[in-house]
Amino acid sequence: MLYSCTQSSPDYLSQARRDLSILASDSLAGREVGTEGEALAAAYISKRFEALGLQPAGTAGWSQPFFVKESQNPHEKPMLSAEDSIAGTSGKNIIGLMDNPGDEVVIIGAHFDHLGYGGFSSLHRGDSAIHNGADDNASGITAMFLIAEMLQSKNIQTDVLFIAFSGEEKGLWGSNFFVKNPTIDLSTVDFMINMDMVGRLDSAKGMAIHGTGTAPQWSQVIDTTNTVNLKVIKKASGIGPSDHTSFYLQDIPVLHFFTGQHEDYHKPTDDAELINYEGIVRIATHITNIITYLDTQPKLTFQKTKDESSQGPRFTVSLGVVPDYLYDGKGMRIDGISEDKPAQKAGLEKGDVVIQLGDSTVIDMMSYMRALSSFKAGDATEVIVNRNGEKLAYDIQF
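This report concerns the structure included in the present document. Note that this is a predicted model, so its numbers are computed, not measured. (Residues numbered from 1 in each chain as written. Predicted model: local features only at pLDDT ≥ 70, side-chain atom pairs only at ≥ 80, totals over all residues. Heavy atoms only, no water.)

## A word on the overall build of the chain
Argument step 1. Helix and strand content of the chain: 11 helices and 16 strands.
Argument step 2. For 398 residues, the compact-globule formula gives about 21 Å, and the C-alpha radius of gyration of the chain, at 21 Å, lands near that figure.
Argument step 3. For the chain, the spread of C-alpha atoms along the three principal axes comes to 65 × 50 × 40 Å.
Argument step 4. Considering the chain as a whole, with its 398 residues, one finds that 55% of them fall into the buried category.
Argument step 5. Here the contacts in the chain between residues at least 6 apart in sequence split such that 75% fall between residues at least 24 apart. (Helix = DSSP H or I, 4+ residues; strand = E, 2+ residues; numbered from the N terminus. Rg over C-alpha atoms; globule rule 2.2 N^0.38 Å. Buried < 20%, exposed > 50% of the residue type's maximum accessible area, 1.4 Å probe, protein only. Contact = heavy atoms within 4.5 Å.)

Printed below as a string of C-alpha cells:
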C-alpha cells in the first residue's frame, strides 16, 4: 500500500528543519569540496546515516574518497583518482546501504557540497560571503534522510543505496567518480533518483521531474504514486547539470527532482529560513512511494533520450534574467532580474512573460534561446512581454 501524506508529519517536519539548519549553517562555511566545511558536513551525514540504521558502504567506512587534479586546459576534463598521488583537491562521497533481502539495488542521490565563500560559480556581487546553499543542496540531503526514515516501515525487498555526492558544483566530480569506481555491481541497479534543489516548492507552479524518458514506465509510475497532489512537469531528457547524468550515461534509468530556479541561486541569500519544509516532506513521500511501488515490479527498461542541453542554440549575449523553468504556459516567464543587465535597464520585471524578442515569437524556452542566439553585443531590439494580461514593449540594448 502506498504511503499517503496530505498533511506533513510533525516529526518529519521538525527533523527536516533540524537537518537542513545544520547543513546550511555558517559553521560549515558553504561546504566547498576540499575544505573543512565539506569534512564537517560529511561527518554529519555519516552520523545521520548511522542513526537511520544504514550500513557503511564506502571504501573507507562511510566515505569514498576521491582526488582531483583540475585541468589547466579548459578543453580537458579534470583527472580523477582514488589515491592522493596527485596535487589537487580531495573530496569524498558518503555512502550508506539499506540492506534488504532482494538482489536488485535502487540508488538515491543528492550532492552536499556548495560554493564555500563564492568562487567562479557565484552570482553574488560584492564582498566575499558564505554561500550556505540551503536549497542547493542541503534540501536534497534532507530529503534523502526523510526517505531513509520513511522506508524503514515498508519492508521492501530491494536494496537502497544512499549516496551524498561531493564535487557536484565543480562538474559532477563525486558521481562521475562513483560510476567509474562503483562500490556495488552497477548491473544490479534498477534506477537512480537524484534530488538537487528541492527546497522551494511552490504548489501552484509545481515541480520538474527530469529523466522521465529514460524508461518507458516512468510516466505512469510517477502519476500512480503521486498521492501528495504534486503538480508535476515532466522532462524527458536524462542529461542535465546534476548527478543523475553520470548514471544515465551508464545506461541506468534516472529521475531528477527539482523545484525550480530562484533569485537566491548561487548567492549568500540561499538560506534555511526560505525553505518550504512541508514541500520537502511531500517530495520525499512521493519518492518513497515510487520506490515502494516498483519494489514488486519488473526491472525498468532503460532507453536513451535526446540531449536537450546540447541541442539548444548557442548565444553570446544575455538578457540578464532568471527563467522560470517550471512555467508551462506560452512564452518565457521571468523569475528573477539581474542587476545592471539589459532587462533591468529596460524596465522588465519579475513575473513578466516574454512573448516576442526582436522579430521572433517566443512560445517556450527553446524559442527564447533561439531568438537570443541571433543577437550579438551592441545590438538593439525590442522585447514584448505579457504583464498581468497587458502587452508591453521595451527597448533592449545588449
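## Points about the pairing of strand 16 (residues 390-397)
Argument step 1. Across eight bridges, the pairing between strand 15 (residues 380-387) and strand 16 is antiparallel. Opposite Ala380, over in strand 16, you have Gln397 as the bridge partner.
Argument step 2. Where strand 15 hands over to strand 16, the hairpin turn is made up of two residues, of which Asn388 adopts a positive phi near 55 degrees. (Pairing = 2+ DSSP bridges.)

## As for the nonpolar core
Argument step 1. Residues Ile108, Phe162, Phe257 and Ile291 are the most contacted members of the largest nonpolar core, which totals 62 residues.
Argument step 2. With 11 residues, the single largest contributor to this core is helix 3 (residues 134-151).
Argument step 3. Residues in contact with Ile108, not counting those within four places in the same chain, are Met144, Ile147, Val160, Leu161, Phe162, Ile163, Ile193, Met195, Ile287 and Ile291.
Argument step 4. Counting residues in hydrophobic clusters, the runner-up holds 22 residues, among them Leu319, Tyr368, Met369 and Leu372. (Core = buried A, V, L, I, M, F, W, Y, C linked by side-chain atoms within 4.5 Å.)

## Focus: the pattern of salt bridges
Side chains bearing opposite charge may pair, as long as their charged atoms lie close to each other.
Argument step 1. Counted by the stated rule, this structure contains 14 salt bridges.
Argument step 2. The partner of Arg125 in a salt bridge is Asp340, and the shortest N-O contact between them spans 3.5 Å. With a gap of 215 residues between them, Arg125 in the loop between strand 5 (105-111) and helix 3 and Asp340 in the loop between strand 12 (332-337) and helix 10 (342-346) connect regions that are remote in the sequence.
Argument step 3. Accessibility expressed as a relative area gives 51% for Arg125, which makes it exposed.
Argument step 4. With its nearest N and O atoms 3.3 Å apart, the salt bridge here joins Asp251 to Lys304. Remark: Lys304 occurs in the loop between helix 8 (277-294) and helix 9 (308-311) and Asp251 occurs in the loop between helix 7 (244-248) and strand 10 (254-258); sequence separation between them is 53 residues.
Argument step 5. Classification of Asp251 by relative accessible area gives partly exposed; the value is 40%.
Argument step 6. Because the salt bridges share partners, they merge into one network encompassing Lys205, Asp324, Arg333 and Asp335. (Salt bridge = Lys/Arg side-chain N within 4 Å of Asp/Glu carboxyl O.)

## Some words on the packing of helix 3 against helix 8
The geometry of a pair of packed helices is captured by two quantities: the angle between their axes and the separation between those axes.
Argument step 1. Across the interface, helix 3 lies against helix 8 with an axial gap of 9 Å and an inter-helix angle of 50 degrees. The angle between helix 3 and helix 8 falls in the class oblique. The interaxial crossing formed by helix 3 with helix 8 has right-handed handedness. Contacts from Ser139, Thr142, Ala143, Leu146, Ile147, Met150 and Leu151 in helix 3 reach Ile280, Val281, Ala284, Thr285, Ile287, Thr288, Ile291 and Thr292 in helix 8.
Argument step 2. Residue classes in the contact of helix 3 with helix 8 are distributed as 10 nonpolar, five polar and no charged. (Axes fitted to C-alpha atoms, helices over the stretch in contact; angles between N-to-C directions. Parallel < 35°, antiparallel > 145°, perpendicular 65-115°, else oblique. Left-handed = near helix turned anticlockwise from the far one by under 90°. Nonpolar A, V, L, I, M, F, W, Y, C, P; charged D, E, K, R; others polar.)

## Notes on unusual backbone geometry
Argument step 1. Cis geometry marks the peptide bond from Asp136 to Asn137, where omega comes out at 5 degrees.
Argument step 2. Assignment of secondary structure puts Asn137 in helix 3.
Argument step 3. Unusually for a residue other than glycine, Asn229 sits at a positive phi of about 55 degrees.
Argument step 4. Relative to the helices and strands, Asn229 resides in the loop between helix 6 (218-225) and strand 9 (232-235).
Argument step 5. Unusually for a residue other than glycine, His266 sits at a positive phi of about 55 degrees.
Argument step 6. Residue position: His266 is located in the loop between strand 10 and helix 8.

## Details of helix 2 (residues 36-51)
In an α-helix there are 3.6 residues to a turn, and that puts residues three or four apart on one side.
Argument step 1. Look at helix 2: 23 Å from first C-alpha to last across 16 residues, which is about the 22 Å you get at 1.5 Å a residue.
Argument step 2. Among all positions in helix 2, only Gly37, Glu38, Ala41, Ala42, Tyr44, Ile45, Ser46, Arg48 and Phe49 are buried.
Argument step 3. Where helix 2 terminates, the next one or two residues include Gly53, which has phi positive at roughly 85 degrees. (Expected span 1.5 Å × (residues − 1).)

## So, the packing of aromatic side chains
Argument step 1. Counting across every chain of the model gives 10 aromatic pairs.
Argument step 2. Taking the centre distance of 6.0 Å and the plane angle of 90 degrees together, the rings of Phe49 and Phe145 count as edge-to-face. Separated by 96 residues along the polypeptide, Phe49 in helix 2 and Phe145 in helix 3 bring together distant segments of the chain. Each of the two residues, Phe49 as well as Phe145, counts as buried.
Argument step 3. A ring pair is formed by Tyr248 and Phe302, whose centres lie 5.5 Å apart and whose planes are at 50 degrees; its orientation type is tilted. Separated by 54 residues along the polypeptide, Tyr248 in helix 7 and Phe302 in the loop between helix 8 and helix 9 bring together distant segments of the chain.
Argument step 4. Its end group placed over the ring of Phe145, Arg48 keeps NZ or CZ at 4.9 Å from the ring centre. (Phe/Tyr/Trp six-rings, centres within 6.5 Å; stacked < 30°, edge-to-face > 60°. Lys NZ or Arg CZ within 6 Å of the ring centre and 35° of its normal.)

## Quick notes on the environment of Asn137
Argument step 1. Look at Asn137 and you get buried, because its relative accessible area is 0%.
Argument step 2. Along the sequence, Asn137 and Asp196 sit 59 residues apart, while their C-alpha atoms lie 5.8 Å from each other.
Argument step 3. Non-local contacts of Asn137, meaning those with residues more than four positions away in its chain, are made with Arg31, Ala110, His111, Met195, Asp196 and Met197.
Argument step 4. A distance of 2.9 Å separates a polar side-chain atom of Asn137 from the backbone oxygen of Met195. (Polar contact = N/O pair within 3.5 Å; in protein donor to acceptor, adjacent residues only side chain to side chain.)

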